[in-house]
Amino acid sequence: MGTKKKASVINRNNYFSSNFKLGILGGGQLGKMLLYETRKFDIYTKVLESTEAAPCRIACNEFVLGSLMDFDDVYNFGKQVDVLTIEIENVNLDALEKLEEEGIKVYPPTKTLRTIQNKATQKLFYTDNGIPTADFSRFAYASEIKDSVENGGLEFPFVWKAAQFGYDGQGVKVVRSIDDIEALPAGECIAEKMIPFKNELAVIVVRNPSGEVCTYPVVEMEFHPEANQVEYVICPARIDQIVAKKAIEIALKVSEEIGHVGILAVEMFQTQEDEILVNEVAPRPHNSGHYSIEASYTNQFEQHIRAILDLPLGSTESKAAGIMVNLVGAEGHTGAVIYENIAEIMAMDGVTPHIYGKNQTRPFRKMGHVTIVNKDIEKARSIAQKVKETIQVISK
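Source: prediction; values computed, not measured.

**Student:** Got a minute to help me understand the overall build of the chain in this structure?
**Tutor:** Along its length, the chain carries 12 helices and 22 strands. Scaling as 2.2 N^0.38, a compact globule of 396 residues should have a C-alpha radius of gyration of about 21 Å, and the chain matches this with 21 Å. Counting only C-alpha atoms, the chain reaches 65 × 50 × 45 Å along its principal axes. Expressed as a percentage of the 396 residues in the chain, the buried residues total 55%. Within the chain, counting contacts between residues at least 6 apart in sequence, those at least 24 apart form 64% of the total.

What follows is the structure, given as structure tokens:
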């Protein structure tokens, strides 16, 4: 069960069927799912993305081609909207800062994004604010890691993370030997102590500018061992309520200290001793919340829209147990996509596929997800396993 702190919210802005424009930086699947909600509310949307093949293109009111990392592209786009949000963290922050100075509302705020965008800065934020996290070392260059190992500063195994531009399992690697170090990219990075955890958990916190805050139930994540991508998200997490309460309290502390507005997904480790360590955060709708489209009274995408427009937040309670299965490109397949056996999974009770609109597949590329809802969490998990074994994302 989520927690909720009410605030006195009075909002007289007319966002619906009006001249109001919401800008979204990024045109991928998260943006596409945000647009389901803006279309429901008849909110005018404008999207910036670098490719015409973006999933968002067919669902927004205006689509603009441009680079999310280019100052001019982001600044000029932002000047044409009333509120600006993101569906990916890798955006030009200098442009967002200038837009804020000129009165454009940017959510999450640029200050929040500056803390989160660089993983080294993000980890320092945790230690500076008394938020439990795994021990780590920061390196300007990956070549410095070898010196640290040879001088006793680091011990194998550890987790290497690129400081910037990692996504979907990219930019993360378990390092077990000197040979592994030689293969690492050269740039700024962190080396993190490897945690022998029981579970990987996540809590989504929602906050609007008026101070209303709520959380979704703690979810449990199961990862693909090779691709380092989430394979299953299970809600509610199958953990003790004392552990769940601790996870929610820590997620709320992260949210308060980081000062976000909108959705904040806080990923965590549950250690063998039932301690909670924050792994990393995402200041936007997140893979760990996709189950909410079918399983929650208010899904994370509608909730993000409510939050950034300073509207009352919706209920985060679940209607039933929910499990999300990621659909990723099969190994050995690159090219025009085919969803093999999709009709077979649609015949299963409580199963809903979501296809992201990417017509080209490649190994481990996120192509969609499937939600399974059931009153019984173990029954839902069993169906999820059948879904995973049945549907294949292959090429022609």
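Past the structure itself, the notes keep going.
**Student:** Explanation requested: the sheet that holds strand β20 (residues 360-361) in the structure shown.
**Tutor:** Picture the strands of a sheet paired through backbone hydrogen bonds; they go either parallel or antiparallel. Taken in spatial order, the three strands line up as β20-β18-β22 in an open sheet, and their pairing is antiparallel. For this open sheet the edge positions go to β20 and β22 (392-395), each flanked by a neighbour on one side alone.

**Student:** Looking at this structure, I do not really get the environment of Asp179. What am I missing?
**Tutor:** Within the secondary structure, Asp179 sits in helix α7 (residues 178-182). The class for Asp179 is exposed, based on a relative accessible area of 61%.

**Student:** Looking at this model, I keep getting lost on helix α12 (residues 377-390). Mind explaining?
**Tutor:** Between the first and last C-alpha of α12 there are 20 Å, a value that for 14 residues agrees with the 20 Å anticipated at 1.5 Å per step. For α12, the set of buried residues is Ile377, Ala380, Arg381, Ile383, Ala384, Val387 and Thr390.

**Student:** Just checking my understanding: could you explain the side chain of Thr371 for this structure?
**Tutor:** Tracing the sequence through the fold places Thr371 in strand β21 (residues 366-374). Of the polar contacts made by the side chain of Thr371, one reaches the side chain of Glu294; its length is 2.9 Å. Apart from residues no more than four positions distant in its own chain, Thr371 is found in contact with His290, Tyr291, Glu294, Ile323, Gly350, Val351, Thr352 and His354.

**Student:** What should I look at first to understand the packing of aromatic side chains in this one?
**Tutor:** Where two aromatic rings form a pair, the distance of their centres and the angle of their planes describe that pair. Applying the stated rule across the entire model yields seven aromatic pairs. Measuring from ring centre to ring centre gives 4.7 Å for Tyr15 and Phe20, while their planes differ by 75 degrees; the resulting arrangement is edge-to-face. Look at Tyr15 and you get buried, because its relative accessible area is 5%. Summarising the aromatic geometry, the rings of Phe125 and Tyr126 are spaced 5.7 Å apart at their centres and angled 65 degrees between planes, so their arrangement reads as edge-to-face. Taking the relative accessible area as the measure of exposure, Phe125 reaches 10% and is therefore buried. Of the aromatic side chains, those joined through ring pairs into one cluster are Tyr15, Phe16, Phe20 and Phe41. In this structure, Lys40 is placed above the aromatic ring of Phe41, and the distance from its NZ or CZ to the ring centre is 5.3 Å.

**Student:** Please clarify how the packing of helix α1 (residues 29-41) against helix α10 (residues 300-308) should be interpreted in this entry.
**Tutor:** Helix packing geometry: the angle between the two helix axes and the distance between the axes. Between α1 and α10, whose axes approach to 9 Å, the crossing angle comes to 65 degrees. Between α1 and α10, the crossing angle belongs to the class labelled roughly perpendicular. Here the hand of the crossing between α1 and α10 comes out right-handed. Contacts between α1 and α10 pair Leu30, Met33, Leu34, Glu37, Thr38, Lys40 and Phe41 from the former with Phe301, Glu302, His304 and Ile305 from the latter. Tallied by class, residues from the contact of α1 with α10 come to six nonpolar, two polar and three charged.

**Student:** Just checking my understanding: could you explain unusual backbone geometry for this structure?
**Tutor:** Trans is the common state for peptide bonds, and a negative phi is the common state for residues other than glycine. In this chain, Phe156 is followed by Pro157 through a cis amide linkage whose omega measures -10 degrees. Relative to the assigned elements, Pro157 resides in the loop between α6 (143-150) and β8 (158-162). Of note, the amide linkage connecting Cys235 to Pro236 takes the cis form, showing an omega dihedral of 5 degrees. In this structure, Asp274 takes a positive phi of about 65 degrees despite not being glycine. Within the element layout of this structure, Asp274 appears in the loop between β15 (262-271) and β16 (276-282). On the accessibility criterion, Asp274 (25% relative accessible area) is partly exposed. Positive phi outside glycine occurs at Asp310, with the angle close to 60 degrees. Here Asp310 shows up in the loop between α10 and β17 (321-328).

**Student:** Got a minute to help me understand the packing of helix α4 (residues 110-117) against helix α5 (residues 119-128) in this structure?
**Tutor:** Closest axis-to-axis distance for the α4/α5 pair is 5 Å, and the angle between their directions is 100 degrees. Our classification of the angle between α4 and α5 gives roughly perpendicular. Facing α4, whose interface residues are Arg114, Thr115, Ile116 and Gln117, α5 presents Lys119, Thr121, Gln122 and Phe125. Grouping the amino acids of the contact of α4 with α5 by side-chain chemistry returns two nonpolar, four polar and two charged.

What counts, and at which threshold
Residues numbered from 1 in each chain as written. Predicted model: local features only at pLDDT ≥ 70, side-chain atom pairs only at ≥ 80, totals over all residues. Heavy atoms only, no water. Helix = DSSP H or I, 4+ residues; strand = E, 2+ residues; numbered from the N terminus. Rg over C-alpha atoms; globule rule 2.2 N^0.38 Å. Buried < 20%, exposed > 50% of the residue type's maximum accessible area, 1.4 Å probe, protein only. Contact = heavy atoms within 4.5 Å. Pairing = 2+ DSSP bridges. Expected span 1.5 Å × (residues − 1). Polar contact = N/O pair within 3.5 Å; in protein donor to acceptor, adjacent residues only side chain to side chain. Phe/Tyr/Trp six-rings, centres within 6.5 Å; stacked < 30°, edge-to-face > 60°. Lys NZ or Arg CZ within 6 Å of the ring centre and 35° of its normal. Axes fitted to C-alpha atoms, helices over the stretch in contact; angles between N-to-C directions. Parallel < 35°, antiparallel > 145°, perpendicular 65-115°, else oblique. Left-handed = near helix turned anticlockwise from the far one by under 90°. Nonpolar A, V, L, I, M, F, W, Y, C, P; charged D, E, K, R; others polar.

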